[in-house]
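Observations on the model geometry
Spelled out, the chains give:
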Amino acid sequence: MAPFEAAALPELLPVFYRRLFPHGAYGRWLGYGGVVKNYFQLREFSFTLRDDIYVRFQSFGSPQELERELQKLNPYKIDIGAVYSHRPNQHNTVHMGAFQPQEKELVFDIDMTDYDDVRRCCSSAEICSKCWTLMTIAVRIIDRALVEDLGVRHRLWVYSGRRGVHCWVCDDTVRKWSPALRAAAVEYLTLVKGGAETVKKVNLSEPIHPFIRRSVGVVEKYFEAYALVGQDILGSPESWEKVLALVPEDIREALQGEFPKKRDSVQRWELLKGRMERTRRPGGSGKSVPCYADWEIMLQFCFPRLDINVSKGLGHLLKSPFSVHPKTGRISVPLDLQRLDQFDPFAVPTISSLCEELDADTTEQEEGSETEPKRRARDYRKTSLAPYVRIFEQFVEEMEQERRGELLRRSDLQGDF
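To keep things clear, this report deals only with the structure shown in the data block. (Residues numbered from 1 in each chain as written. Predicted model: local features only at pLDDT ≥ 70, side-chain atom pairs only at ≥ 80, totals over all residues. Heavy atoms only, no water.)

This next bit is on the environment of Tyr226. The topology assignment puts Tyr226 in helix H7 (residues 210-230). Non-local contacts of Tyr226, meaning those with residues more than four positions away in its chain, are made with Val118, Arg119, Lys130, Cys131, Thr133, Leu134, Gln231, Phe301 and Cys302. (Helix = DSSP H or I, 4+ residues; strand = E, 2+ residues; numbered from the N terminus. Contact = heavy atoms within 4.5 Å.)

If you trace the three strands from one edge of the open sheet to the other, you get E5-E7-E6, paired in antiparallel fashion. The open sheet has two free edges, formed respectively by strand E5 (106-111) and strand E6 (155-159), since each of these has just one partner strand. Direction aside, neighbouring strands of the sheet carry axes that sit 15° apart on average. With six bridges joining them, E5 and strand E7 (residues 164-169) adopt antiparallel strand pairing. Within the sheet, the bridge partner assigned to Phe108 lies in E7 and is Cys167. Across the sheet, helix H4 (residues 133-149) touches E5, E6 and E7, and the angle it forms with E6 is around 170°. (Pairing = 2+ DSSP bridges. Axes fitted to C-alpha atoms, helices over the stretch in contact; angles between N-to-C directions.)

Before going further, it helps to examine the side chain of Glu400. Looking at the element boundaries, Glu400 is found in helix H16 (residues 386-415). Engagement of the side chain of Glu400 in a polar contact is seen with the side chain of Arg28, the distance being 2.8 Å. (Polar contact = N/O pair within 3.5 Å; in protein donor to acceptor, adjacent residues only side chain to side chain.)

The subject of this paragraph is the pattern of salt bridges. Evaluation of the coordinates by the stated rule reveals 28 salt bridges. Between Asp117 and Arg305 there is a salt bridge whose closest N-O contact spans 2.7 Å. A residue pair is termed long-range when its members are at least 10 positions apart, and Asp117 in the loop between E5 and H4 and Arg305 in the loop between helix H11 (293-302) and helix H12 (308-312) qualify at 188 residues. A relative accessible area of 9% places Arg305 in the buried class. A salt bridge links Glu258 to Arg275, with the nearest nitrogen and oxygen atoms 2.2 Å apart. Placement of Glu258 in helix H9 (residues 249-258) and of Arg275 in helix H10 (residues 265-277) is noted, with a sequence separation of 17 residues between them. By relative accessible area, which is 22% here, Glu258 ends up partly exposed. (Salt bridge = Lys/Arg side-chain N within 4 Å of Asp/Glu carboxyl O. Buried < 20%, exposed > 50% of the residue type's maximum accessible area, 1.4 Å probe, protein only.)

Interaxial distance between H9 and H10 falls to 11 Å at its minimum, and their mutual angle equals 150°. It follows that H9 is roughly antiparallel to H10 by the angle criterion. The hand of the H9/H10 crossing is right-handed. Where H9 abuts H10, its residues Ile251, Ala254, Leu255 and Glu258 lie against Leu271, Leu272, Arg275 and Met276. Taken together, the residues of the contact of H9 with H10 break down into six nonpolar, no polar and two charged. (Parallel < 35°, antiparallel > 145°, perpendicular 65-115°, else oblique. Left-handed = near helix turned anticlockwise from the far one by under 90°. Nonpolar A, V, L, I, M, F, W, Y, C, P; charged D, E, K, R; others polar.)

Turning to the pairing of strand E3 (residues 77-84), a few remarks are in order. By the criterion of burial, E3 is predominantly enclosed, with seven of the eight residues buried. Pairing geometry for E3 and strand E10 (residues 318-319), over two bridges, is antiparallel. Residue pairing across strands places Ile80 opposite Leu318, the latter belonging to E10. Summarising the sheet, E3 and strand E4 (residues 101-103) pair through two bridges and their orientation is antiparallel. Among the inter-strand pairings, Tyr84 is bridged to a residue of E4, identified as Pro101.

To continue, consider unusual backbone geometry. The omega torsion of the bond from Glu206 to Pro207 falls at -10°, within 30 degrees of zero and hence cis. Topologically, Pro207 is positioned in the loop between helix H6 (179-188) and H7. With a phi close to 50°, Tyr32 is a non-glycine residue in the positive phi region. Tracing the backbone shows Tyr32 in the loop between helix H2 (23-31) and strand E1 (43-49). Positive phi, close to 50°, is recorded for Asn74, a residue that is not glycine. Here Asn74 is to be found in the loop between helix H3 (63-73) and E3.

A covalent bond between the sulfur atoms of two cysteines is referred to as a disulfide. For the structure shown, the criterion picks out zero disulfides. There is no disulfide at Cys128, and the cysteine sulfur nearest it, in Cys121, is 3.5 Å away. Of the residues examined, Cys128 reaches a relative accessible area of 17% and is grouped as buried. Cys302 takes part in no disulfide bond, and the closest cysteine sulfur, belonging to Cys121, lies 12 Å away. (Disulfide = S-S within 2.5 Å.)

Pasting the structure below:
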């Protein structure tokens, strides 16, 4: 793969937006089949240009107009915002208070930096194959809950291009949710609570909600390889003291004496779990209740960490799929949930590698016999970006298929009268 050099972006971006960006499916996605008049025209886009020039409240009359503007400005980053009451590029001409967001996808932004208190391999913007497992767990937990608990169908999961993942929930009813409903959904999906000064951030009590039980089931599949082996959270007295701070005092004292006798984190965890299974704590009514300290530890170290402000606000913007990350050069690509465990953020194509792939195939470029749209449509398909575009196209096609089914259903109902 060609190494990425940020200095080359001005030269590479024109090629990317002209020959690699999936303009067709992108426009179909954000247009939602025209179910709302002028839907695309009312959508806010923002561009980050060279030298960190940030331009908000951009809007376009059609996907084709957006395509032309992308090829003209070659933004370093694209952000997508809400659908507004008026065209965003005319917001200064609207009476004060009249310009309001009307609807937007429910979005989640999961950032690896929010896990810095529980990962030992990396910190800040750094990631590695060990800690990337946290993103896999987050997608598994949130996606299952969206589908099975909240009844969502159309979710687009996207790698951010650097250190996290984004989710776009695109169901027609969800796009119309109020900030209060969005906040309620995030609250439902949140278990880890408290800032840096909070030692114990997960507190469970009877009865355990089914969402929590199912989430523990997901975490259990990854916990040994990720936390016990990869992060070695019980590998030394310094590290296991942080874990033991999360268990009841009497159990902690017993384990402090027994942990040094065990060989590694895996053995120490088995010892801790055994203590939980045979320990019941006195409840407020005098009755004994189970101790879930092992579950609390697993969830504190592995459960998704969501920013409620990103999800609840209709005015919040989120990085667009197929943006180029200006620091890494990696493309923000959709995730294939069927192959999520195999996803490698370091294998994602960069703008440098894609342009190198285009350069390696000069035959079609020299022919010049095809029309520009056809040639461009085939350009990304002959690069390593093609599988990711196909994931995106399938997502759009599934929404369009459901929309056609709904229109047929409505037509049949009207015919019955």
